[in-house]
Amino acid sequence: MRNLTMMTDLYELTMMNGYWRYGMAQNTAVFDLFYRKQGDETSHAVVAGLEQAIEYVRDLHFSAEDIEYLRSLNTFDEGFLDLLRDFRFTGDIDAMPEGTIVFPTEPIVRVCAPMMEAQLVETALLNIINHQTLIATKASRVVQAAQGDGVLEFGLRRAQGPDAGIYGARASIIGGCVATSNVLTGQMYDIPVRGTHAHSWVMSFPSELDAFRAYAEIFPRDCLLLVDTYDTLKSGVPNAITVFKELRGRGFEPSGIRLDSGDLAYLSRTARKMLDEAGFPQARIFASGDLDEEVIWDLKAQGAAIDVWGVGTRMITSQNNPALGGVYKLSAEEVDGTLVPRIKISENPAKITNPGKKKVLRIYSKEDRHALADLIALDSEVYDEQQPLTIFDPENTWKRMTLTDYTLRPLLVPVFRNGRQVYESPDLHRIAAYAKEELDTFWSEYKRLHRPQRYKVDLSQNLYNLKQELLARHGH
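Not measured: the values here are computed from a predicted model.

Reading guide: rules and limits
- Residues numbered from 1 in each chain as written.
- Predicted model: local features only at pLDDT ≥ 70, side-chain atom pairs only at ≥ 80, totals over all residues.
- Heavy atoms only, no water.
- Helix = DSSP H or I, 4+ residues; strand = E, 2+ residues; numbered from the N terminus.
- Buried < 20%, exposed > 50% of the residue type's maximum accessible area, 1.4 Å probe, protein only.
- Salt bridge = Lys/Arg side-chain N within 4 Å of Asp/Glu carboxyl O.
- Expected span 1.5 Å × (residues − 1).
- Arc of directions from axis to C-beta.
- Pairing = 2+ DSSP bridges.
- Axes fitted to C-alpha atoms, helices over the stretch in contact; angles between N-to-C directions.
- Contact = heavy atoms within 4.5 Å.
- Core = buried A, V, L, I, M, F, W, Y, C linked by side-chain atoms within 4.5 Å.
- Parallel < 35°, antiparallel > 145°, perpendicular 65-115°, else oblique.
- Left-handed = near helix turned anticlockwise from the far one by under 90°.
- Nonpolar A, V, L, I, M, F, W, Y, C, P; charged D, E, K, R; others polar.

Q: Help me understand unusual backbone geometry, please; the structure alone is not making it clear to me.
A: Working note: non-glycine residues mostly have negative phi, and peptide bonds are mostly trans. The backbone of S318 sits at a positive phi, close to 45°, despite the residue not being glycine. When you line up the elements, S318 lands in the loop between α14 (313-316) and β12 (326-335). Even without glycine at this site, D336 takes up a positive phi of about 55°. Examined against the element boundaries, D336 turns out to sit in the loop between β12 and β13 (338-341). Accessibility expressed as a relative area gives 79% for D336, which makes it exposed.

In structure tokens form, the structure reads like this:
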């Protein structure tokens, strides 16, 4: 049985050893996990993976076998290895609930713990949150492109390993997919599983018609036929219609047909006409075959008569944007009993971090409950919703807005306190429903697939001043 505590980069352990040797291991540190903007694909993201992150933190420990392996590397102090025998996470973690809409630079997870503990969890938290948030975000874009049609996740065979397939399917449900082909994910998370037959089924029978009849005989209540093995319009759809009529004679109605290749716009429109004329207007047309949000968007624009979309490779791998780019940065550190803000400075302005222990507040219009802006503030700051609130663009500070009729919602919620889990993850259905509700609070211009309007993510005046002070102190 693998121990995910060991799923870490070596340098996390070498730094832990160093903190221990220099007496810094128990100094409190604050780290933020966030992502940076990488084009329109990540203009906003859908948070996912917190449930698995909680499981990881809750089970943090080093077994005797783990410690013996580390000893064999001839790298670590014996005293440090002895310390690992009783290692557990004892700090605090706050995080955005899964399904929350998040923007670049906003802390998705905030870890406040002894330095040694806070350092160790970096790699695994990034691995878990980066992957599932990436796939949930991609799925959300695909679902948006489908404009109300059902989207099925079909990517298991193309996922980069079993875990990517399982948790990618989970994340796709958070992003808005209605079902998955992945039976294990369906079992683990009580979500619908969907699927029909492959081309090999059709090829295994003397004729396409024989294959369709056999399938309908076995699954009369959910007969969905793949019609493009030989010739979609000349044989596939006509043979499906023949079998559908036979099904109806037995008292069953067909689910529909699936198209997996060819000009999906033309084929679906023609197939729709054929099905309607044969008396099957309720039979749905499913489509698959290297689909993503761009292809679906174009097919919708071309009038494709497709009711349900099966999306695999390009969603489970987020093919055109295969990494979220999440990072984990130190923002405050205990020095002589005082928590001191820290900042990372770079020649690239996008890589300059926001210092201090922070929170994220979402500002809503009290009138229509739409999101107006997000405010990253120091955790100690208090706001009175009865008082006007002035926010400003941290890059172009002359851009200001004063709000009077608003409400505030903190996006980070307590997950661990003193090493004890205080947050229970909702089931996947509730997370998916919350994600949809979250997305509905944003105006459509912020959700455009192409060149979306930039959503306001501002710094509080106090945080902005602190950042400028630290930059000046370091000669910038």
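Q: Whenever I open this one, the pattern of salt bridges confuses me. Can you help?
A: Opposite charge on two side chains makes pairing possible when the charged atoms of those side chains draw close. Under the defined criterion, the tally for this structure stands at 28 salt bridges. A salt bridge links R258 to D260; its shortest N-O distance comes to 3.6 Å. In this structure, the salt-bridge partner of R272 is D276, at a minimum N-O distance of 3.1 Å. Here R272 pairs with D276, and both are found in helix α12 (residues 264-277), just 4 residues apart, close to one helical turn. For D276, a relative accessible area of 36% gives the class partly exposed.

Q: Would you take a moment to explain helix α1 (residues 10-21) for this structure?
A: Think of an α-helix as 3.6 residues a turn; residues three or four steps apart then line up on the same face. In this model, α1 (12 residues) spans 17 Å end to end at C-alpha, consistent with the 16 Å of a helix rising 1.5 Å per residue. Of the positions making up α1, those classed as buried are E12, L13, M16, N17 and Y19. Seen end-on, α1 carries its buried residues on one side only, within an arc spanning 160°. Following α1 by one or two positions, G23 has its phi on the positive side, about 70°.

Q: Please clarify how the sheet that holds strand β18 (residues 406-410) should be interpreted in this entry.
A: Whether parallel or antiparallel, the strands of a sheet pair through hydrogen bonds between backbone atoms. Taken in spatial order, the 4 strands of this open sheet run β18-β14-β15-β21, and their pairing is mixed. Only two strands of the sheet have a single neighbouring strand rather than two, namely β18 and β21 (457-459). The mean inter-strand angle of the sheet, taken between neighbouring strand axes irrespective of direction, is 30°. As judged from the 5 bridges shared by strand β14 (residues 358-365) and β18, these two strands associate in the antiparallel manner. When the bridges of β18 are listed, L361 appears paired with P410. Running at roughly 50° to strand β15 (residues 371-378), helix α16 (residues 461-473) makes contact with β14, β15 and β21 of the sheet.

Q: Explanation requested: the nonpolar core in the structure shown.
A: Inside soluble globular proteins, nonpolar side chains tend to come together where they are buried. Core analysis: the largest hydrophobic core is formed by 126 residues, its most contacted members being V111 and L125. Broken down by element, this core gets its largest block of residues, 12 residues, from helix α6 (residues 122-146). Grouped together as the second largest cluster of nonpolar side chains are 9 residues, I363, L375, L389 and I391 included.

Q: What should I look at first to understand the packing of α6 against helix α7 (residues 162-174) in this one?
A: Angle between the axes and distance between the axes are the two parameters that describe a pair of packed helices. Where α6 contacts α7, the two axes come as close as 7 Å, and the packing angle between them is 45°. The angle between α6 and α7 places the two elements in the oblique class. In terms of crossing hand, the pair formed by α6 and α7 is right-handed. Residues H131, Q132, I135, A136 and A139 of α6 touch α7, and the partners they reach there are A164, Y167, G168, R170, A171, S172 and I174. Within the contact of α6 with α7, the residues separate by chemical class into 7 nonpolar, 4 polar and 1 charged.

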